[in-house]
Amino acid sequence: EELSFERVMDIYSMEAASGVIISMGGQIPNNIAMPLHRQGVRILGTTPDMIDGAENRYKFSRMLDRIGVDQPKWKELTSVEDAKVFCESVGYPVLVRPSYVLSGAAMNVAHKSEDLEAYLTEAARVTLDCPVVISKFILEAKEIEVDAVALHGQLVMHVVSEHVENAGVHSGDATLVLPPVDLDEITVRKVEAAAMKVANALNVTGPMNIQFIAKNNEIKVIECNLRAARSFPFVSKTVGIDLAKMATKVMLGRKVKPYPVDVKSLPHIGVKVAQFSFTRLLGADPILGVEMASTGEVACFGVNREEAYAKALTATNCKLPTKSVALSIGTYKDKIEFLESVKRLHAMGYRIYA
C-alpha cells in the first residue's frame, strides 16, 4: 500500500509515538510533511517549513538567489504567454519543473514553443496548488551529486559523486561513480562550498541530497531533497559508513562525531548502474530523459571505474558483446567523440555495424 497521510496519523495515535522521522521513506513522506505538521505531529529532524522551502520550486529558487548560490536562469509560471517570452529570451531548450513530484513526474525538456504549451498543461495538472518553474536547460553539462548529513545547518558528513551521463538524465537512471574520476578539484571545492550554504540556509538536521550541474568549472544547483536519496545506500556501502544510522542519531539529538571522508583513500571504486525493463513494457520509450524510467539498480566495486562498470552491467543481465557491435550514435559530434573507442573495439577484433 502506498504511504498516506491517514495511515501515518492512525499509526501515530495508536502507538502514542513521541515523533515521526519522514526523511527515510522517499518522496511521499516529504509530500505529507506539511499536513502532518498542521495536525500537530512532532516531526524529527529538518522542520516541515524548511522541507517546503526545498520542495517548492519557487521558494527554493528565490532562496538560492538570496544566498548567492548559482542556478540556471528561471521564472515561475504565471501564464503561457509569459512563459513563451521568457523562453525566447533565454533560448530553448528549457526545463519545465513542477513542485513536490515523484521521480521527475511531469518534468519535461521543451525544445520549441509547441512542446512548451503541452508540457505546461501537464505540469499544471500534476501540481495544482504548487508552483511550476521554468528554467534554462544547459546542454552538455556534467551532473554531480552530494549526499550529506547535517546538524542545525552544519554538515556532519558529505560525499561527492559524479554521473557518467550528461545532465538531463534522471538521477535514478544515471550511472553513478564514487569516488569521482573526471571531476576537477576546483569543481569539487565549489560544490562543497555551495552544499554548505544550502544546508545552512535550510537549517538541515538529518539527511540531504543536492544535485549540481557543472560546465567549464562553473557549478549550478538543480535541486535539493531534504531526505535520504536513492544514492544514500550506495554511498554508505562504498565509503563504509552507515549514513542512515548517522542521520537517525542526528535527528534523535544523539551525539555524532563528524566524519571527514577522504574518498581518494578508498581501495576501490563503486559504480551504480540502473536496470531497465523496456523489453517487458509494451510501447516503452528506451530514450532516457528527466523523468525516471528504471525499475531497479545494481552497484558493484572494482579496482577502477571500467571494471566496476562492467561488473554492474553484467549484474543487470546485460550481456557484453563477444563478436560484433551495432552502433546507432546520432549526431556527427557524438560520432567524432566515440571514434577513438570504435578504433579500439576494431583493434580488439570486434565486427562493427554502423
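In the block above lies the structure referred to throughout.
Now for a quick tour of the structure. (Residues numbered from 1 in each chain as written. Predicted model: local features only at pLDDT ≥ 70, side-chain atom pairs only at ≥ 80, totals over all residues. Heavy atoms only, no water.)

Section: the packing of aromatic side chains
To keep it simple, the criterion reads: Ring pairs shown here join Phe, Tyr and Trp side chains whose ring centres sit within 6.5 Å, with only the six-membered ring taken for Trp; geometry is labelled stacked below 30 degrees between planes, edge-to-face above 60, and tilted in between.
Taken as a whole and assessed by the stated rule, the structure comprises two aromatic pairs. On the basis of an interplanar angle of 10 degrees and a centroid distance of 5.1 Å, the ring pair of Phe-276 and Phe-278 is categorised as stacked.

Some points on a nonpolar patch on the surface
Defined as follows: Patch rule: a residue counts if its relative accessible area is over 30% and it has no salt bridge; like charges are joined within 9 Å, and nonpolar side chains (Val, Leu, Ile, Met, Phe, Trp, Tyr) within 5 Å. Areas reported as accessible are Shrake-Rupley estimates using a 1.4 Å probe. Residue values count occlusion only from the protein chains shown. Here, a salt bridge means any side-chain nitrogen of Lys or Arg that lies within 4 Å of a carboxyl oxygen of Asp or Glu. Numbering goes from the N terminus for both helices and strands, where a helix is a DSSP run of H or I of at least four residues and a strand is a run of E of at least two. Burial classes: relative accessible area under 20% of the type maximum marks a residue as buried, over 50% as exposed, and values in between as partly exposed (1.4 Å probe, protein chains only).
Judged by side-chain polarity, Ile-21, Met-24 and Leu-252 come together as a nonpolar surface patch covering roughly 230 Å² of accessible area. Along the chain, Ile-21 falls in strand β1 (residues 20-21). Taking relative accessible area as the criterion, Ile-21 reaches 31% and is therefore assigned partly exposed.

With respect to unusual backbone geometry
Here Tyr-92 and Pro-93 are connected by a cis peptide whose omega angle stands at 0 degrees. Relative to the elements of secondary structure, Pro-93 occurs in the loop between α6 (80-90) and β4 (94-98). Note that the residue after Leu-178, namely Pro-179, is joined by a cis bond; omega there is -5 degrees. Here Pro-179 shows up in the loop between β9 (176-178) and α8 (185-201). The backbone of Glu-140 shows a phi angle near 55 degrees, a positive value even though the residue is not glycine. Topologically, Glu-140 is positioned in the loop between β6 (132-136) and β7 (142-151).

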